[in-house]
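One-letter residues, chain by chain:
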Amino acid sequence: MRRYRVAFALIVVLCASTLGYSYVSSPASAAVASYERQAELPVEQRTPVVPPRENVTVVAGHGMKGESAALVAFGPSGKVLYHNDTFHGYFDVDPVKGTRTTVEYVAERNYAGDGCNAKCTISVVERVNLTTGDVDRIYSRIIPQDRGANWHDVDRIGEHRLLVGAINTDEAYVVNTTTGMTTWEWSTKQAYPISGGGPYPADWAHLNDVEKLDDGRVMLSLRNQDSVVFVDPRTGVQENWTLGADGAHDVLYEQHNPDYIPESAGGPAVVVADSLNDRLVEYQRVNGTWQQSWVWSDEQMKWPRDADRLPNGHTLVADTNAHRVLEVDRQGDVVWNLSFYAPYELERLGTGDESAGGPSARAADLRSRGAVEDGERVETSVAGFTPRKVVNSISFILPLWMGLLDAAVAVVLVLTVLAWAVLEYRHSSLSVSFRWPVRLR
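Only a predicted model underlies this, so the values are computations on that prediction, with no experimental measurement involved. (Residues numbered from 1 in each chain as written. Predicted model: local features only at pLDDT ≥ 70, side-chain atom pairs only at ≥ 80, totals over all residues. Heavy atoms only, no water.)

### What to know about the overall build of the protein chain
The cut-off we apply is this: By the criteria applied, helices consist of DSSP H or I runs no shorter than four residues and strands consist of E runs no shorter than two, each listed in order from the N terminus. Remark: exposure states derive from per-residue accessible area (1.4 Å probe, protein chains only) relative to the maximum for the residue type, with buried under 20%, exposed over 50%, and partly exposed in between. A contact between two residues is defined here by any heavy atoms of the two lying within 4.5 Å. Computed by Shrake-Rupley with a 1.4 Å probe, the accessible areas treat only the displayed protein chains as cover when residues are assessed.
A tally of regular secondary structure across the protein chain gives five helices and 27 strands. Looking at the protein chain as a whole, 51% of its 441 residues are labelled buried. Within the protein chain, counting contacts between residues at least 6 apart in sequence, those at least 24 apart form 49% of the total. Surface exposure of the protein chain reaches about 21000 Å², of which carbon and sulfur atoms provide 54%.

Encoded structure:
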């Protein structure tokens with residue numbers, strides 16, 4: 001029995017030490033703490049926490065269940081310019097036209113006030129001056145929290161009009177922020193059968209991105225249909241423009257934040273964070289079809305959710321489950337990076353909204369890296385879940401400091417403690433008699 005106790009004790013100590021080291025040494029955990037500390041200091045006392053870069057970089061962090069979600073802006077020198085963690089999740093962030101350091105962002109948090117008879121969420125669009133910290137509420141709704149997330153993207157299309165992508169209702173609509181009236185709406189159910197995608201109605205289409213194009217069309221990302229669709233506001237979906245298809249994972253696999261590159265910049269093209277394929281990918285429109293023109297990945301990439309093409313041909317990336325932000329140059333080299341917990345979307349101010357100021361991969365002669373040839377990646381699926389999806393789902397719910405290896409160590413620790421307890425119990429002289437009254441002997 002003594003040998004077993006020594007073995008169990010050694011395993012417990014080893015596992016606990018490993019987890020403790022990961023906790024205190026996690027780059028993402030340390031980064032989050034440093035950004036918070038710097039934001040509490042007067043501006044003149046702050047020091048650089050990330051490498052310098054031209055212009056302000058704004059990062060919206062999704063977090064997980066309220067843990068470490070934050071909107072953080074880094075100045076050109078690498079100092080924290082702005083920090084806000086009052087919400088449980090930050091998503092879309094866009095520069096405000098005609099300003100230098102003002103952005104609008106989408107965020108949400110739990111709501112339990114008047115008008116809510118159950119568990120609710122308040123989703124908001126707010127405008128913040130990153131220099132002064134002044135915040136204005138532009139638009140908000142209280143939403144019953146019974147269908148997953150709510151808004152991940154809102155696109156401003158006029159002084160008083162917003163194009164909203166509503167995950168909770170699987171629709172896009174235009175709202176007048178002055179009157180609160182909806183002036184146009186489109187539902188995914190108009191074009192897709194409910195038999196596809198995710199579970200209906202809990203998280204069916206997961207419409208996570210909307211973009212109003214210069215020609216009047218609306219581009220939308222239907223994550224659970226693995227598709228980017230183009231909608232004419234009058235006639236509906238333009239099927240010959242659809243990129244991807246439900247279950248066609250070699251093209252797109254539960255993508256996020258596609259950005260349209262117009263013909264004037266070398267398009268039509270779409271650069272996409274191809275999330276569950278763990279890559280960035282771009283498709284060029286050629287003779288009425290979509291052809292892959294660029295792909296980028298590395299060994300660390302895990303569930304990226306934003307890729308913005310900059311005017312200089314670089315690509316700015318939010319790599320969510322790898323807890324990092326990076327900038328990739330034309331040759332495919334990482335030239336700038338920082339640690340950040342679960343980044344969802346980002347903006348480099350002064351370069352245009354998302355990829356509006358950047359060229360297509362073909363026009364900029366970008367070099368692909370980490371490309372996967374068609375047919376090379378084959379994954380089995382059980383009830384709609386592939387190994388890649390399971391791994392990323394686990395990564396997403398783990399604590400800030402814990403990686404997959406740490407999770408495995410934690411499982412070993414728990415099983416060891418349970419096995420030790422059972423063994424001690426079996427060898428104990430203490431037993432329970434179930435005759436009334438209960439007696440110990």
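On we go.
### Concerning the pairing of strand E5 (residues 102-111)
The line we're drawing: Pairing between two strands requires that DSSP report at least two bridges joining them.
Counted residue by residue, E5 has seven buried out of 10 residues, so it is predominantly covered. Here strand E4 (residues 89-95) pairs with E5 via five bridges, running antiparallel. What sits directly across from Tyr90, in E5, is Ala107. Linking E4 back to E5 in an antiparallel pair, the connection comprises six residues, with Gly98 at a positive phi of about 85 degrees. The pairing of E5 with strand E6 (residues 120-129) spans 10 bridges and is classified as antiparallel.

### Side note on the pattern of salt bridges
Heads up, the condition is: Salt-bridge detection follows one rule: a side-chain nitrogen of Lys or Arg within 4 Å of a carboxyl oxygen of Asp or Glu.
This model, assessed by the stated rule, comprises 14 salt bridges. With a closest N to O distance of 3.0 Å, Glu104 and Arg156 form a salt bridge. Separated by 52 residues along the polypeptide, Glu104 in strand E5 and Arg156 in strand E8 (residues 151-158) bring together distant segments of the chain. Judged by its relative accessible area of 8%, Glu104 is buried. In this structure, Glu282 and Arg309 form a salt bridge, with 2.7 Å as the shortest nitrogen-oxygen distance. Here the residue Glu282 occupies a position in strand E19 (residues 279-286), and Arg309 occupies one in strand E21 (residues 304-309), the gap between them amounting to 27 residues. The burial state of Glu282 is the same as that of Arg309; both residues are buried.

### Brief notes about the sheet that holds strand E9 (residues 161-166)
Operational definition: In this analysis, axes come from line fits to C-alpha atoms, helices being fitted only over the stretch in contact, and the angle between any two N-to-C directions falls in the range 0 to 180 degrees.
The strand order across the open sheet formed by four strands is E8-E9-E10-E11, and the pairing between neighbours is antiparallel. The open sheet has two free edges, formed respectively by E8 and strand E11 (182-187), since each of these has just one partner strand. Here the average twist between neighbouring strands, direction ignored, is 15 degrees. With five bridges joining them, strand E10 (residues 171-176) and E11 adopt antiparallel strand pairing. Residue pairing across strands places Tyr173 opposite Glu185, the latter belonging to E11.

### Quick word on a nonpolar patch on the surface
Heads up, the condition is: Patch definition: residues with relative accessible area over 30% and no salt bridge; like charges joined within 9 Å; nonpolar side chains (Val, Leu, Ile, Met, Phe, Trp, Tyr) joined within 5 Å.
A contiguous nonpolar surface patch, about 370 Å² in accessible area, is contributed by Val411, Val414, Leu415 and Leu418. Note that Val411 resides in helix H5 (residues 404-426).

### Regarding the sheet that holds strand E24 (residues 334-339)
An order of E21-E22-E23-E24 is seen for the four strands of this open sheet, with the pairing classed as antiparallel. With partners counted over all chains shown, the strands left at the sheet margins are E21 and E24, one partner each. Across the sheet, the axes of successive neighbouring strands diverge by a mean angle of 15 degrees, strand direction being ignored. Examined bridge by bridge, strand E22 (residues 315-319) and strand E23 (residues 324-328) share five bridges and lie antiparallel to one another. Among the inter-strand pairings, Thr315 is bridged to a residue of E23, identified as Val328.

### A word on helix H2 (residues 27-40)
Quick reminder of the rule: An expected span of 1.5 Å times one less than the residue number is assigned to each helix. When we speak of the arc, we mean the arc of directions from the helix axis to the C-beta atoms.
The end-to-end C-alpha separation of H2 is 20 Å, in line with the 20 Å expected for 14 residues at 1.5 Å each. Buried residues of H2: Ala28, Ala31, Val32, Ser34, Tyr35 and Gln38, and no others. With its buried residues spanning 165 degrees around the axis, H2 presents them on a single face. Among the exposed residues of H2, those pointing more than 90 degrees away from its buried face are Arg37 and Glu40. Those residues of H2 that are buried lie in contact with strand E2 (71-74), strand E3 (80-84) and E24.

### Looking at the packing of aromatic side chains
Filter applied, for reference: Between rings of Phe, Tyr and Trp, where Trp is taken as its six-membered ring, a pair exists when centres lie within 6.5 Å; planes separated by under 30 degrees are stacked, by over 60 edge-to-face, and by other angles tilted.
Under the defined criterion, the tally for this structure stands at 11 aromatic pairs. Ring centres of Tyr90 and Tyr105 lie 5.8 Å apart, and the angle between their planes is 55 degrees; this geometry places the pair in the tilted category. Of the two residues, Tyr90 is situated in strand E4 and Tyr105 in strand E5; the sequence distance between them amounts to 15 residues. Look at Tyr105 and you get buried, because its relative accessible area is 1%.

### Some words on the nonpolar core
Keep this limit in mind: The nonpolar core is taken to be a set of buried Ala, Val, Leu, Ile, Met, Phe, Trp, Tyr and Cys residues, with the residues joined through side-chain atoms within 4.5 Å.
If you look at the biggest cluster of nonpolar residues, it comprises 18 residues, and the most contacted ones within it are Val58, Leu71, Tyr90, Tyr105 and Leu130. Listing elements by their share of this core, those giving two or more residues are strand E1 (57-61), E2, E4, E5 and E6. With residues up to four places along the chain from it excluded, the contact list for Leu130 reads Val56, Val58, Ala73, Leu81, Tyr82, Thr101, Val103 and Leu349.

### Notes on the pairing of strand E14 (residues 227-232)
Within E14, six of the six residues are buried, leaving the element largely enclosed by the surrounding structure. Taking every second residue as pointing to the same face, both faces of E14 are buried, with Ser227, Val229 and Val231 on one and Val228, Phe230 and Asp232 on the other. Alignment of strand E13 (residues 218-222) against E14, held across five bridges, turns out to be antiparallel. Looking at the pairing, Ser221 lines up with Val228 of E14. Hairpin remark: E13 followed by E14, antiparallel, with four residues in the connecting loop; positive phi at Asp226, about 55 degrees. Sheet analysis places E14 next to strand E16 (residues 243-244), joined by two bridges and oriented antiparallel. Counted as the bridge partner of Ser227 is Gly244 from E16. Relative to strand E15 (residues 236-237), E14 runs antiparallel, the two being bridged by two bridges. If you follow Asp232 over to E15, its bridge partner there is Gly236. The turn joining E14 and E15, which pair antiparallel and follow one another in sequence, is formed by three residues.

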